[in-house]
Structures are given as structure tokens and as C-alpha cells.
Amino acid sequence: MNYKIKRKSAVLILTILTLGVLSCSKESEDLTALRETIFVRHKNADMPARIFGNASEKVFLIILHGGPGGTGLEYRVNTIRTEVEKNNAVVYFDQRGSGSSQGSYSEKEVSIDLMAEDVLALAKVIKAKYGEDSKLFLMGHSWGGALGPATLLKDQNDFLGWVDVNGAHDPKGLYDNYQIALPEMADEQIALGNSIAYWERLRTLANTIGPYSLQNYYSLNRAANGVAQVLAADDVINEAVADFGNDTPSEKPLTVNWNKNQIGRILDEKGLNENVSFTNRLSEITIPSLVLWGTYDIVVPTLYAQEAFDNLGSDDKEIFIFERSAHSPMYTEPDLFAQKLIEFINTHK
């Protein structure tokens, strides 16, 4: 794929038009407590972006959710909701084929390249609506850590900073790394006497599973996703906290569309985990960058954290590892997570 395809001027025209026809909720007069939903219409998809928080300085953090196929509002939780939103506005974006997004496009059209264009369209919508002086930061978690680099490699000029949270910048490398990281963690936990039978099963699975196939990838990915619960039960990491508050709207699709919950399958079948890697191009991302990771992450193994940090091209970059977290530190160490995020935004806004 060519991730430097030039965006056509039609995209900007389309995003400006979006403001006139697809803005939901009356714009808040008090930018210190913004609560609004806008829709980005781009290439046969309508994608909601729910915006909450303090936009008095026109600072917006766009969050790219995991999956593929997650939702934006799953990140309006804990201290992102209570602390980060006090500091700046947060944009909870439902990607193409995810959450409440809608579309009439074909499977053939779907690609990470197209979804990166969607994010750039969102940035143009925000600037057209709130002013060209709006200050944008981009944060990607898990799969969002692949979509983020895809976006920035197309155009990073609209963003003041990049936050990589346990991000999968190298989907192609995940399968091989599962076969390394799972047995290593199994050996470590068995030596500590933790959940020995469980870890022996995972070690056997990783050591005997065979070459890459989608079925084998899903088997190891499911195993990796189950690790955090066992680690928490053994008091290796913190229990996940999920306080969504009473003012977070429910995440319900507006209608049923053909690709609801299918975006991950489509991308996988197109070779996301066989062909896509941004490792060798991270040096082209030169905006200030913050890499945040959990020590015990297996879903996107922790070696990816150092790899991301080492390869990012920014002269102003930082890495921080959460010692009591796995794949989602915003759930397991929320206070420290918010602190690191706010410090980064305030330094570079």
C-alpha cells in the first residue's frame, strides 16, 4: 500500500459541507464544558465524533479506538472523563465500520489507507467548525496504534503530538511475537507459582500452534487477551476499573448496516496481520511523541514499546511503562495515565 497518497481537494469541500448537514446537538456556548456530536461524511461513510470537555483553549485530543471494530466511547472512562476532559476537549471517534458509524460502501473499498483518510477528514471538520487555530493531538490504542501511524504518514501537519498507547504499529509481526511473548510470560509466572495450570496450557499452545493462518492468529490473540484477567487475579497487575459515569451516552448503532462488526474480519482477510507494518517508516513521524505501555501486555507485546520509541523520528519523544498494567493502562492505572497524558498535552499545546 502507498501511505503517501495525496488527498484530493474534494475531501476538504466534503468535510466543510458536513458541518452544515450532519452536526448533532446544538453547539455549546460554554466551551469549558463542550458536549457535542458531529458526523464526518467521507467516501460513503458517516462516522460520529462525540466531543466532551474543556475546549476553551481549542485543544482537542482525538482518540483512535482499538479493534478493529471497537467504539470511541469505551475510552470515556475513569480519569480520561474526569481529569483529561477538564484539561482539554476529547474527541471519541467511531471509525468506519465501528460503533455507530454508517456506510453504503463495499468491502472492496475498505483499507487502512482509506480509514487514515477518514481521520484526516475528521481533523479538517474540527478545524472548520472550531477554528483553524484549533490544536489537535492524536492518540491511538492497540489497533489505533496502527491507524495512527497510517494517518500521520499521510499528513501530520494538523497534529501537535502523537500518543501511542500499547499500539500495534507492526501488525505483521504480532503472530511471531505471540509465540515468543506468551511462553516467556508463562515461564515467569510459573516460576512465581502463579496459576500454573493456566500458564502451562498457554505455553503449550504457543509452542505447538504451527505456522500463521487466520485461525491460528485468532487463537493466540484470544489467549493474549485473556492474560490480564489472570494476572489481576494473581495480584500481578491492578484490577481494571471502568467508571463511565452517568453522563456518558449509551453506544447504540443508529441502524444496522452490512459491515457492523465486520471491519476487523475484512481487514484481516485483506492481510492486515500478514502484510502491514509501519516499523521502518516511524522515523518519518517527527511531531512530539509519547509512548505509553503496560509492562505485562501480551496483546501487543511490550517489546513494541521500545521499538516504537527507538524508531519514531521526533526529536521530542518520551516512553513510559506502567508497572501494574497490561494492555489497557487507562483502566488499571487511571490516575497515572491521566497525569502522563495531561503533562504531554500541556507541554506541546
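Residues numbered from 1 in each chain as written. Predicted model: local features only at pLDDT ≥ 70, side-chain atom pairs only at ≥ 80, totals over all residues. Heavy atoms only, no water.

A few points about the packing of aromatic side chains
Convention followed: Whether two aromatic rings pair depends on their centres lying within 6.5 Å, for rings of Phe, Tyr and Trp, where Trp uses its six-membered ring; planes under 30 degrees apart make the pair stacked, over 60 edge-to-face, and the rest tilted. In this text, helices come from DSSP runs of H or I with a minimum length of four residues, and strands from runs of E with a minimum of two, each type numbered from the N-terminal end. Categorising residues by exposure relies on relative accessible area from a 1.4 Å probe, with only protein chains included: less than 20% of the type maximum marks a residue as buried, more than 50% marks it as exposed, and the intermediate range marks it as partly exposed. Only Lys NZ and Arg CZ are tested; either one counts as a charge over a ring when it is within 6 Å of the ring centre and within 35 degrees of the ring normal.
A full pass over the atoms with the stated rule returns 10 aromatic pairs. Ring centres of Phe 320 and Phe 322 lie 5.0 Å apart, and the angle between their planes is 80°; this geometry places the pair in the edge-to-face category. Judged by centre distance (6.1 Å) and plane angle (35°), the rings of Phe 322 and Phe 337 are tilted. Here the residue Phe 322 occupies a position in strand 10 (residues 317-322), and Phe 337 occupies one in helix 12 (residues 334-348), the gap between them amounting to 15 residues. Residue class for Phe 322 comes out buried when judged on its relative accessible area of 0%. Taken together, the ring pairs connect Tyr 175, Tyr 178, Tyr 212, Tyr 217 and Tyr 218 into an aromatic cluster. Taking NZ or CZ as reference, Arg 76 lies 3.7 Å from the ring centre of Phe 52, over its face. The ring of Tyr 130 has Lys 129 sitting right over it, with the charged end atom 5.9 Å from the ring centre.

Quick notes on helix 7 (residues 214-233)
What counts, and what does not: In this scheme, a helix's expected span is set at 1.5 Å multiplied by one less than its residue total. Throughout, the bend at a residue refers to the angle made by two axes, fitted to the seven residues ending there and to the seven starting there. Here, residues are in contact when the closest pair of their heavy atoms is within 4.5 Å.
Taking 1.5 Å of rise per residue, the 20 residues of helix 7 would be expected to cover 28 Å, and the 30 Å separating its terminal C-alpha atoms lies within 8% of that figure. A maximum bend of about 25° is found in helix 7 at Val 227. Considered for burial, the residues of helix 7 that qualify are Asn 216, Tyr 217, Leu 220, Asn 221, Ala 223, Ala 224, Val 227, Val 230, Leu 231 and Ala 232. Where the residues of helix 7 are buried, they touch helix 5 (174-191), helix 6 (196-208) and helix 9 (272-275).

Comments concerning the side chain of Ser 142
Note that Ser 142 resides in the loop between strand 7 (135-141) and helix 4 (144-154). Setting aside residues up to four positions removed in sequence, Ser 142 forms contacts with Gly 66, Val 165, Asn 166, Gly 167, Ala 168, Val 300 and His 327.

Points about the nonpolar core
Heads up, the condition is: The set of buried Ala, Val, Leu, Ile, Met, Phe, Trp, Tyr and Cys residues whose side-chain atoms join them within 4.5 Å is what this entry labels a nonpolar core.
Counting residues in each nonpolar core, the largest one holds 81 residues, and the members touching the most others are Phe 60, Leu 122, Ile 126, Phe 159, Trp 199 and Val 227. Of all the elements, helix 3 (residues 112-130) adds the most residues to this core, at 11 residues. With residues up to four places along the chain from it excluded, the contact list for Leu 122 reads Ile 38, Val 40, Ala 49, Ile 62, Val 91 and Phe 93. In this structure, Leu 61, Tyr 75, Phe 137 and Met 330 belong to the second largest nonpolar core, which totals 26 residues.

Details of the pattern of salt bridges
For side chains bearing opposite charge, pairing can occur when the charged atoms are close. As a reminder of what qualifies: Throughout this description, the term salt bridge denotes a Lys or Arg side-chain nitrogen within 4 Å of a carboxyl oxygen of Asp or Glu.
This structure, assessed with the given rule, holds 23 salt bridges. Between Lys 154 and Asp 113 there is a salt bridge whose closest N-O contact spans 3.3 Å. Remark: Asp 113 occurs in helix 3 and Lys 154 occurs in helix 4; sequence separation between them is 41 residues. Both residues of the pair, Lys 154 and Asp 113, belong to the buried class.

So, the packing of helix 3 against helix 4
Operational definition: A fitted line through C-alpha atoms represents every axis, and for helices the fit uses only the stretch in contact; the resulting angles, taken between N-to-C directions, go from 0 to 180 degrees. With respect to orientation, any angle under 35 degrees is reported as roughly parallel, any angle over 145 as roughly antiparallel, any angle of 65 to 115 as roughly perpendicular, and every other angle as oblique. Under the scheme applied, nonpolar residues are Ala, Val, Leu, Ile, Met, Phe, Trp, Tyr, Cys and Pro; charged residues are Asp, Glu, Lys and Arg; polar residues are all the others, including Gly.
At a minimum axis separation of 8 Å, helix 3 and helix 4 run at an interaxial angle of 70°. One element, helix 3, and the other, helix 4, form an angle in the roughly perpendicular class. Here Ile 112, Asp 113, Met 115, Ala 116, Glu 117, Val 119 and Leu 120 of helix 3 lie close against helix 4, whose contacting residues are Ala 146, Leu 147, Ala 150, Thr 151 and Lys 154. Looking at side-chain class alone, the contact of helix 3 with helix 4 contains eight nonpolar, one polar and three charged residues.

A short note on the environment of Val 300
Relative to the helices and strands, Val 300 resides in the loop between strand 9 (289-294) and helix 10 (303-311). For Val 300, a relative accessible area of 1% gives the class buried. It is 6.8 Å that separates the C-alpha atoms of Val 300 and Gly 167, two residues lying 133 residues apart in sequence. Aside from chain neighbours lying at most four places away, what touches Val 300 is Ser 142, Asn 166, Gly 167, Ala 168, Leu 174, Trp 293 and His 327.

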